[in-house]
Amino acid sequence: MKEQRIVTEAQERRLVLDCAMQAGSILLKNGAEIFRVEETVARMCSHYGVESEKAFVLSNGIFLTAGNGSEPFYAKVQHIPVSGARLDRVAAVNQLSREIEEGNYSPQEIKRKLDEIERMPGKTTGIRLLASAVGSGCFCCMFGGSPLDCLGAFLTGFILYAYVLKLFTPHLSKIIGNIGGGALVTVMCMLLCRIGLGESMNYMIIGSIMPLVPGIAFTNGVRDIADGDYIAGSVRLLDAILVFVCIAAGVGLVITTYHGLTGGRLL
């Protein structure tokens, strides 16, 4: 009986560590900061009595170990590809972490909750297209565009995100996809200005490319460096800067080509 109880405790401790790893993976994959991932893992393990937990978190991986003279040994490494942000999942894990500290769940229930969070559906295609269009139009207005420019940016943002969903995300690399996105936005803004659905191409382009800009990744990179996580912060900053350069390259390529074809006369 005593042996069975020891085995059960060891299994439960392993389940707690597996849940902590899963929670950290969800956070890191969906745009959370390094310190948030480490704190969540530590809080979950501490609440269930796993005092020997050690977590090392990078921007694209988690190393989790535990074990000492009184606790069984555990080691797990999980690779987390750099991807986009899903802040609704981050918020859900944060809320679950707070409820765990209040003693609301057993490890088995936590596992089910985390599986539900991983399966949380994203926004529908229509909502995402509309959000990109509205965001592009609003940014164009914020940067000083006229109502006609905002309408052009609205249409361009809609088409841009259709490209992101149907071509960029499933088929293209990050570098080629972002260059193509910058080029597509520039071509669309030129055409809209040519047919009279826009007055300032500059404001239209600036507003329309905003859905491609990795603002969360850049901000988190700065925060990670400020918190002393230099490796993870540098990787995130480098990834964000690469996206900025690719977008600029796409825009510059189209404008340079147009200048060459029209003898310097833009519009």
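Computed from a predicted structure; not experimentally measured.

S.K.: Hey, could you go over the overall build of the protein chain for me, with residue numbers and the actual values?
M.R.: Of regular secondary structure, the protein chain possesses 10 helices and three strands. Secondary structure elements of the protein chain occur, N-terminal to C-terminal, as α-α-β-β-β-α-α-α-α-α-α-α-α. Compactness check: the protein chain gives a C-alpha radius of gyration of 24 Å against a globular reference of 18 Å for 267 residues, more than 25% above the reference. Along the three orthogonal principal directions, the C-alpha set of the protein chain runs to about 85 × 30 × 30 Å.

S.K.: Lay out helix α7 (residues 174-194) with the relevant residues and their values.
M.R.: The end-to-end C-alpha distance of α7 is 30 Å, a good match for the 30 Å that 21 residues give at a rise of 1.5 Å each. For α7, the set of buried residues is G177, N178, G181, G182, A183, V185, T186, M188, C189, M190, L192 and C193. Remark: G196 follows α7 within two positions and exhibits a positive phi of approximately 90°.

S.K.: I'd like to hear about the sheet that holds strand β2 (residues 61-66), residue by residue, with values.
M.R.: One open sheet holds the three strands; their spatial order is β1-β2-β3, and the pairing between them is antiparallel. Strand pairing shows two members of the sheet lacking a second neighbour, β1 (54-58) and β3 (74-79), which therefore form its edges. Neighbour-to-neighbour, the strand axes of this sheet turn through a mean angle of 5°, independent of strand direction. Summarising the sheet, β2 and β3 pair through six bridges and their orientation is antiparallel. Counted as the bridge partner of A66 is Y74 from β3. Packed on one face of the sheet, helix α2 (residues 34-47) meets β1 and β2 and runs near 160° to β1.

S.K.: Outline the packing of aromatic side chains, listing residues and values.
M.R.: Following the criterion strictly, the structure yields four aromatic pairs and no others. Considering the side-chain rings of F56 and F63, the 5.8 Å spacing of their centres and the 40° angle between planes classify their relative orientation as tilted. Owing to a relative accessible area of 34%, F63 belongs among the partly exposed residues under this scheme.

S.K.: If you had to explain the nonpolar core to someone new, which residues and values would you point to?
M.R.: L17, L28, V37, M44, L96, I110 and L114 are the most contacted members of the largest nonpolar core, which totals 31 residues. Of all elements in the fold, only α1 (2-29), α2, β2, α3 (87-101) and α4 (107-118) reach the threshold of two or more residues within this core. With nine residues, the single largest contributor to this core is α1. When sequence neighbours within four positions are dropped, the list of residues in contact with L17 reads C45, V50, L64, A66 and Y74.

S.K.: Now, about the packing of helix α5 (residues 125-142) against helix α8 (residues 201-208): what can you tell me, with residues and values included?
M.R.: Their axes nearest at 7 Å, the elements α5 and α8 cross at an angle of 135°. On the basis of the axis angle, α5 is oblique to α8. In this structure, α5 meets α8 at a crossing whose hand is right-handed. For the pair formed by α5 and α8, the contact residues are S136, F139 and C140 on the first element and Y203, M204, G207 and S208 on the second.

S.K.: Any chance you could break down the environment of E51 for me, citing the residues and the numbers?
M.R.: In this structure, E51 sits in the loop between α2 and β1. The exposure class assigned to E51 is exposed, which follows from its relative accessible area of 58%. Spatially, the C-alpha atom of E51 lies 8.6 Å from that of G67, the residues being 16 residues apart in sequence. The residues contacting E51, other than those within four sequence positions of it, are S46 and E71.

S.K.: Break down the pattern of salt bridges for me, with residues and values.
M.R.: Here the structure, examined in full by the defined rule, presents nine salt bridges. For the salt bridge of E33 with R36, the shortest nitrogen-to-oxygen distance reads 2.8 Å. Relative accessible area serves as the criterion here: at 6%, E33 is assigned to the buried category. Look at R36 and you get partly exposed, because its relative accessible area is 24%. Among the salt bridges present, the one from D115 reaches K111, with a minimum N-O distance of 3.8 Å. Placement of both D115 and K111 in helix α4 is noted, with a separation of four residues, approximately one turn of the helix. Overall, D115 belongs to the partly exposed group, its relative accessible area being 22%.

Rules used throughout
- Residues numbered from 1 in each chain as written.
- Predicted model: local features only at pLDDT ≥ 70, side-chain atom pairs only at ≥ 80, totals over all residues.
- Heavy atoms only, no water.
- Helix = DSSP H or I, 4+ residues; strand = E, 2+ residues; numbered from the N terminus.
- Rg over C-alpha atoms; globule rule 2.2 N^0.38 Å.
- Expected span 1.5 Å × (residues − 1).
- Buried < 20%, exposed > 50% of the residue type's maximum accessible area, 1.4 Å probe, protein only.
- Pairing = 2+ DSSP bridges.
- Axes fitted to C-alpha atoms, helices over the stretch in contact; angles between N-to-C directions.
- Contact = heavy atoms within 4.5 Å.
- Phe/Tyr/Trp six-rings, centres within 6.5 Å; stacked < 30°, edge-to-face > 60°.
- Core = buried A, V, L, I, M, F, W, Y, C linked by side-chain atoms within 4.5 Å.
- Parallel < 35°, antiparallel > 145°, perpendicular 65-115°, else oblique.
- Left-handed = near helix turned anticlockwise from the far one by under 90°.
- Salt bridge = Lys/Arg side-chain N within 4 Å of Asp/Glu carboxyl O.

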